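In case you want the letters, here they are:
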Number of protein chains: 2
Amino acid sequence: MPQNNQVNRQILLASRPVGAPKAENFNLIESPIPKPEQGQMLLRALWTSLDPYMRGRMSDAKSYSEPVPVGGVMPCGAVCRVEESHLDGFAKGDLVMSYTAGWQDYSVSNGAMVFKLDPQMKNPSQALGVLGMPGFTGYMGLLDIGQPKPGETVVVAAATGPVGAVVGQVAKLKGCRVVGVAGGAEKCAYAVKELGFDACLDHKQDDLAEQLALACPKGIDVYFENVGGKVFDAVMPLLNPHSRIPVCGLIAQYNATELPPGPDRLPQLMRLMLSQRIRMQAFIIFDNYGPHYPEFLKVMTPWVAEGKVKVKEDQVDGLENAPAAFMGLLEGKNFGKLVVKIADS
Amino acid sequence: MPQNNQVNRQILLASRPVGAPKAENFNLIESPIPKPEQGQMLLRALWTSLDPYMRGRMSDAKSYSEPVPVGGVMPCGAVCRVEESHLDGFAKGDLVMSYTAGWQDYSVSNGAMVFKLDPQMKNPSQALGVLGMPGFTGYMGLLDIGQPKPGETVVVAAATGPVGAVVGQVAKLKGCRVVGVAGGAEKCAYAVKELGFDACLDHKQDDLAEQLALACPKGIDVYFENVGGKVFDAVMPLLNPHSRIPVCGLIAQYNATELPPGPDRLPQLMRLMLSQRIRMQAFIIFDNYGPHYPEFLKVMTPWVAEGKVKVKEDQVDGLENAPAAFMGLLEGKNFGKLVVKIADS
């Protein structure tokens, strides 16, 4: 059943996954469409975002935000149409980006974490990617923590994903040598030919560490960490003195159920940080940099319009397909920013 | 034989230690006193410094500076008297701090990394500690990377050492709650009663982690890392969102010959950094902050003179006793800044 004005389709967390999420961890139900009260508005989702951070919300491990309760709606941001408004500043028909919409057709909002979009916006789904949370993450983490200088070498993994693609393209605009890491030859070719990376390596190859050393003859000055795991292992020996590591995500280890076997490399990492005087800083974009969002949009919107920053989306049709698409995301099956189309307009 | 004007006693690195340094890794020899040429001066050591970083120089593992060659003079800073000068700006009789003197009576310098001291300075050996490299390290790391705010909780280990004592006392001056960690009841009592720490825990107790949690009821906002090992293990679960970790040393692991057994906690540390949005930054004081040295002295010198920052030295007599004192330093046997008195004046 597609979106309609009779019911609210919702995807709930049915149970907490152990390791990789499975279909049984999700539950699609039909609920009544909620009614907004005074000071609220009703939003109808058009495009819904799927992002790696949602895996963290499915767990009850200590994290930067509360886990989804079992039986709760899966969290996400969505591009929405205002259906009914009792809230100053928003009117029926407005196109908005809501960061609290959830995996469902309809949500009620008091305006918090909701931003109006240009109604003439050609590709509103870009508000979920290059012009939204992932693009903002790549931009601020690279520039504020990474502080790339012309001629320096920047390495980023998930190179064709919405964060990595922004990191790499912005680093090129800043005059850096950019080496990406991605899963498979097709993504690597795209990163070099379309996004303009200097090199892109396939992490599925056994000799990633050797290839990375060859691709970074002057070492690594900025490693933008959004995956963790074996990419970071390959990066560590190449880090230059005073290198910077912005950390925004660790998708490669989100499904892990236990720590890897030893030896314990924690002391080795600390020693490396000291000997190379490394700065490593983790951040959650709106938590660390929320007030910078308008200035980011002011720079990035024309870059996208002029083609200086290229955009690739992986579009999935229908809310009911969100769980399978999300499971694929954690395995790197998507190619470009993963978005779910819920309704045409 | 004490210092004299006939020979230059030198302590050389006889062989690279495996694990904890032993007496056989050092060799005391007598050499001719070197002759300074035009543009150089001859320095005679009065006070020599022993610091944990020297353990790193004894190894040939990749580090921030070149290892001492086997057969080379052990490196160190020293308070020296100028004996003979063919260098503008320095005259016979000047009291100076040389960061390149080495474990020996006499050294030749071209003036690089040599700073003139006030000839009226009451305790010149303080130039090796609270007013020198260790004090500068504690001060800049705490203030620039740690950015402590009033009411926040700051934790520092080696609390009665020259770095930790400065970190804790400056953090108190900035209005923080300060919890120290030190080896043994006597050091802990000193940190609380004399240095004014709010609490100080003995790392030799088995329940360090539980005690630290009790001493930090609001969690930890700044952990100044100068030891590594089990103190960091106890700190990790208590780190608050947006906490900061300046890293200047890892004395607890300098003698390690292999990585500890598993599991591998490197991914756990990365996950913690992300979930708490932690900033960790390692630094080598003169490399990162050299130009700030005069402004540090301007603040710290009156603090020491007025007793706002208290100073404790562990004085050892005679160059020939430097190796044994250094071996003790790595085991935490010193109480206060370890200095070796070479000559009276």
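The model shown is predicted, which means the values in this text are computed figures rather than measured ones. (Residues numbered from 1 in each chain as written. Chains lettered and ligands numbered in written order. Predicted model: local features only at pLDDT ≥ 70, side-chain atom pairs only at ≥ 80, totals over all residues. Heavy atoms only, no water.)

**Overview of helix 9 (residues 293-305) of chain A**
All names here are of chain A. The condition that has to hold: Helix and strand definitions follow DSSP, with helices as H or I runs of at least four residues and strands as E runs of at least two, each counted in order from the N terminus. By this rule, a helix spans an expected 1.5 Å times one less than how many residues it contains. Between buried and exposed lies partly exposed: a residue is buried under 20% and exposed over 50% of the maximum accessible area for its type, with that area taken using a 1.4 Å probe on protein chains only. Residue contacts are counted whenever heavy atoms from the two residues lie within 4.5 Å of one another.
If you check helix 9, its first and last C-alpha atoms are 18 Å apart, about what 13 residues at 1.5 Å a residue would give, namely 18 Å. Those residues of helix 9 not exposed but buried are Tyr293, Phe296, Met300, Trp303 and Val304. Tucked into the core, helix 9 has its buried residues touching strand 7 (114-116), helix 2 (133-146), helix 3 (162-173) and helix 8 (285-289). Looking one or two places after helix 9, you find Gly307, whose phi comes out positive at around 80°.

**Topic: the sheet that holds strand 10 (residues 199-202) of chain A**
Note the threshold: By this definition, two strands are paired if DSSP reports at least two bridges between them. Lines fitted to C-alpha atoms define the axes, with helix axes restricted to the stretch in contact, and inter-axis angles between N-to-C directions lie between 0 and 180 degrees.
Pairing in this open sheet of 12 strands is mixed, and the strands run 10(A)-9(A)-8(A)-11(A)-12(A)-13(A)-13(B)-12(B)-11(B)-8(B)-9(B)-10(B) from one edge to the other. Two strands lie at the open edges of the sheet, namely strand 10 of chain A together with strand 10 (199-202) of chain B, each paired on one side alone. Geometrically, the sheet is characterised by an average inter-axis angle of 15° between neighbouring strands, direction not taken into account. By the bridge criterion, 3 bridges tie strand 8 (residues 153-157) of chain A to strand 11 (residues 220-224) of chain A in an arrangement that is parallel. From the neighbouring strand, A:Val154 faces strand 11 of chain A, where its bridge partner is A:Val222. Along the sheet face, helix 4 (residues 185-193) of chain A touches strand 9 (177-182) and strand 10 of chain A and points at about 170° away from the line of strand 10 of chain A. Its contacts with the sheet put helix 7 (residues 266-276) of chain A on strand 12 (239-247) and strand 13 (279-282) of chain A together with strand 12 (239-247) and strand 13 (279-282) of chain B, and the angle it makes with strand 12 of chain A is roughly 125°.

**As for the packing of aromatic side chains**
All names here are of chain A. Note the threshold: Between 30 and 60 degrees the pair is tilted, below 30 it is stacked and above 60 it is edge-to-face, where a pair is any two Phe, Tyr or Trp rings, Trp via its six-membered ring, whose centres lie within 6.5 Å. Criterion for a charge above a ring: Arg CZ or Lys NZ at most 6 Å from the ring centre, at most 35 degrees from the ring normal.
This model, assessed by the stated rule, comprises 36 aromatic pairs over all chains. With a centroid separation of 6.5 Å and an interplanar angle of 25°, the aromatic rings of Phe115 and Phe286 are classed as stacked. One end of the pair, Phe115, is in strand 7; the other, Phe286, is in helix 8, and 171 residues separate them in sequence. Relative accessible area serves as the criterion here: at 29%, Phe115 is assigned to the partly exposed category. An angle of 15° between the planes, with centres 6.0 Å apart, marks the rings of Tyr223 and Phe232 as stacked. Take Phe232: its relative accessible area is 2%, and that puts it in the buried class. Connected via pairs of aromatic rings, a cluster forms that spans Tyr99, Phe115, Phe136, Tyr139, Phe286, Tyr293, Phe296 and Trp303. Seen from the ring of Phe90, Lys116 lies directly overhead, with NZ or CZ sitting 5.9 Å from the centre. Lying across the ring of Tyr190, Lys312 places its NZ or CZ 5.3 Å from the centre.

**Quick notes on the UniProt feature "domain: Enoyl reductase (ER)" (unreviewed entry) in chain A**
How we decide: UniProt positions are given in the numbering used here, feature names are shortened, and annotations may be inferred rather than shown by experiment.
Here the UniProt feature "domain: Enoyl reductase (ER)" (unreviewed entry) sits at residues 22-340 of chain A. Within the segment residues 22-340 of chain A, helix and strand shares are 29% and 24% respectively, and the terminal C-alpha atoms sit 18 Å apart.

**So, unusual backbone geometry**
The step from A:Gly262 to A:Pro263 runs through a cis peptide bond, and the omega angle for that step is 5°. Residue placement: A:Pro263 occurs in the loop between strand 12 and helix 7. With a phi angle near 50°, B:Arg277 is a residue other than glycine that sits in the positive phi range. Within the secondary structure layout, B:Arg277 lies in the loop between helix 7 (266-276) and strand 13. By relative accessible area, B:Arg277 is classed as buried at 8%.

**Comments concerning the packing of helix 7 of chain A against helix 7 of chain B**
Test applied: Angle categories: roughly parallel below 35 degrees, roughly antiparallel above 145, roughly perpendicular from 65 to 115, and oblique for all the rest. Gly falls in the polar group here, along with every residue not listed as nonpolar (Ala, Val, Leu, Ile, Met, Phe, Trp, Tyr, Cys, Pro) or charged (Asp, Glu, Lys, Arg).
Contact geometry of helix 7 of chain A with helix 7 of chain B gives a least axis separation of 8 Å together with a crossing angle of 60°. Considering their axes alone, helix 7 of chain A and helix 7 of chain B lie oblique with respect to each other. Contacts between helix 7 of chain A and helix 7 of chain B pair A:Leu266, A:Leu269 and A:Met270 from the former with B:Leu266, B:Leu269 and B:Met270 from the latter. The class makeup of the residues in the contact of helix 7 of chain A with helix 7 of chain B is 6 nonpolar, no polar and no charged.

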